[in-house]
Amino acid sequence: MKFESFARIVGKKPEEEKKPETRIEGIIPPRLQNEEAERIIREKVDLQSIEDELDKFRVSPYENPIDPFNKKEGVVKAAARLVLELRDRLPHYDTILSDDASGRLVSLLLKKIIDRKKEERGGEKTEMFFLASGRHGSAAIDRSIRKFIGKKKKELGKTLLVTEYIESGKSIEKLTKALEDKHIDFDIGTLSIERLPQHYGNVQFPQHVHYGALGKQGLSFYDQESFGGVTKGETGPHPVKSGFIAQKDVERARKEVAIIADGLENLLS
């Protein structure tokens, strides 16, 4: 997938900027061959340097072993691949919808990268909304999320729905249908997915999904209230502040997001 450099882009008028390809109904988004993707990441990203910077936040290997950015889970590499798969599309998103609570840190990471690219082009920052979706099993929350999407329909524009991990696909399928019912133009970005999109059967979300890795890397973020700082509420569409947070963990996670964003920014050049 060819990506125009910033030097070429700035020489064009805004209306001539490269737009992402139009999706053909029923077709899974194209994906780079693994060998090509790994070559690009190797050339543009110093993964070891990012991991070394993250290690500075850890007093010992035993400090907070469930840290979602722990390099043994391959999270940084999965994030790099996700950014690479989305790189032509990232500057064009008007809105990020974060599949909270577990998707929050991945959403914040992508927002930082998107906003930096938009700032280079003189554009406005991407809007972000946090939705209390996922594995809650609450009909009340589902209804409130649909109501929220309907209310915000005219404001959302081109939207990126971000989650950390897709396993069965049931929860992301609910959000997919809610967005499709309101005719929202959207993509899905997930850090990892349990199996290839084409193997999920008769569901809609694979037509929208871009993923970083095939596997369980995204599970590092599941049920990590102390790092995200939020949890799901009882009935509302948005998450609420968690009562189980340690502020130092929240602050550290935000710093880690910034480090990874700095390290992956070259993938958009």
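Heads up: these notes are all about the structure in this document. (Residues numbered from 1 in each chain as written. Predicted model: local features only at pLDDT ≥ 70, side-chain atom pairs only at ≥ 80, totals over all residues. Heavy atoms only, no water.)

Here we come to the overall build of the protein. Helix and strand counts for the protein come out as 9 helices and 7 strands. Going through the 269 residues of the protein one by one, you find that 50% of them count as buried. Of the contacts made within the protein by residues no fewer than 6 positions apart, 75% connect residues no fewer than 24 positions apart. Accessible surface, the protein as shown: approximately 13,500 Å² in total, 50% of it carbon and sulfur. (Helix = DSSP H or I, 4+ residues; strand = E, 2+ residues; numbered from the N terminus. Buried < 20%, exposed > 50% of the residue type's maximum accessible area, 1.4 Å probe, protein only. Contact = heavy atoms within 4.5 Å. Areas by Shrake-Rupley, 256 points an atom, 1.4 Å probe, with all protein chains shown as cover.)

Another aspect to go through is the nonpolar core. General note: in soluble globular proteins, nonpolar side chains tend to be found buried as a group. Counting 40 residues, the largest nonpolar core has Ile50, Val83, Leu90, Ile113, Leu264 and Leu267 as the members making the most contacts within it. No other element matches the 9 residues that helix H4 (residues 75–86) contributes to this core. Counting 22 residues, the second-largest nonpolar core is a separate cluster that includes Ile145, Ile149, Phe205 and Tyr211. (Core = buried A, V, L, I, M, F, W, Y, C linked by side-chain atoms within 4.5 Å.)

Let us now look at the pairing of strand S3 (residues 159–166). Burial analysis of S3 places 8 of its 8 residues in the buried class, which makes it a mostly covered element. Relative to S3, strand S1 (residues 95–99) runs parallel, the two sharing 4 bridges. Looking at the pairing, threonine 95 lines up with threonine 159 of S3. Judged from the 7 bridges that link them, S3 and strand S4 (residues 186–193) form a sheet pairing that is parallel. If you follow isoleucine 166 over to S4, its bridge partner there is isoleucine 193. Since S3 and S4 lie parallel, the crossover through helix H7 (residues 170–181) that links them has a hand, and here it is right-handed. (Pairing = 2+ DSSP bridges. Right-handed = clockwise from strand over helix to strand, strands pointing away.)

Here the focus is helix H9 (residues 247–264). For H9, with 18 residues, the first-to-last C-alpha span of 26 Å sits near the 26 Å given by 1.5 Å per residue. Taken together, the buried positions of H9 are Asp249, Val250, Arg252, Ala253, Glu256, Val257, Ile259, Ile260, Ala261 and Leu264. (Expected span 1.5 Å × (residues − 1).)

A few words now on the environment of glutamate 124. Considering the arrangement of structural elements, one finds glutamate 124 in the loop between helix H5 (104–120) and strand S2 (127–131). Given the relative accessible area of 69%, glutamate 124 is considered exposed. Residues glutamate 124 and aspartate 94 lie 30 residues apart in sequence; the distance between their C-alpha atoms is 8.7 Å.

Of note, threonine 159 is situated in strand S3. For threonine 159, a relative accessible area of 0% puts it in the buried group. With residues near it in sequence (within four places) discarded, threonine 159 still touches Tyr93, Thr95, Leu97, Ile184, Asp185, Phe186 and Asp187.

Counted according to the given criterion, the structure contains 2 aromatic pairs. Taking the centre distance of 5.4 Å and the plane angle of 70 degrees together, the rings of phenylalanine 129 and phenylalanine 148 count as edge-to-face. One end of the pair, phenylalanine 129, is in strand S2; the other, phenylalanine 148, is in helix H6 (residues 139–156), with 19 residues separating them in the sequence. Exposure class is identical for phenylalanine 129 and phenylalanine 148. Each is buried. Above the plane of the ring of tyrosine 211 lies arginine 31, whose end atom (NZ or CZ) is 3.7 Å from the centre. Across the ring face of tyrosine 200, the terminal group of arginine 195 is positioned such that the distance to the ring centre comes to 4.0 Å. (Phe/Tyr/Trp six-rings, centres within 6.5 Å; stacked < 30°, edge-to-face > 60°. Lys NZ or Arg CZ within 6 Å of the ring centre and 35° of its normal.)

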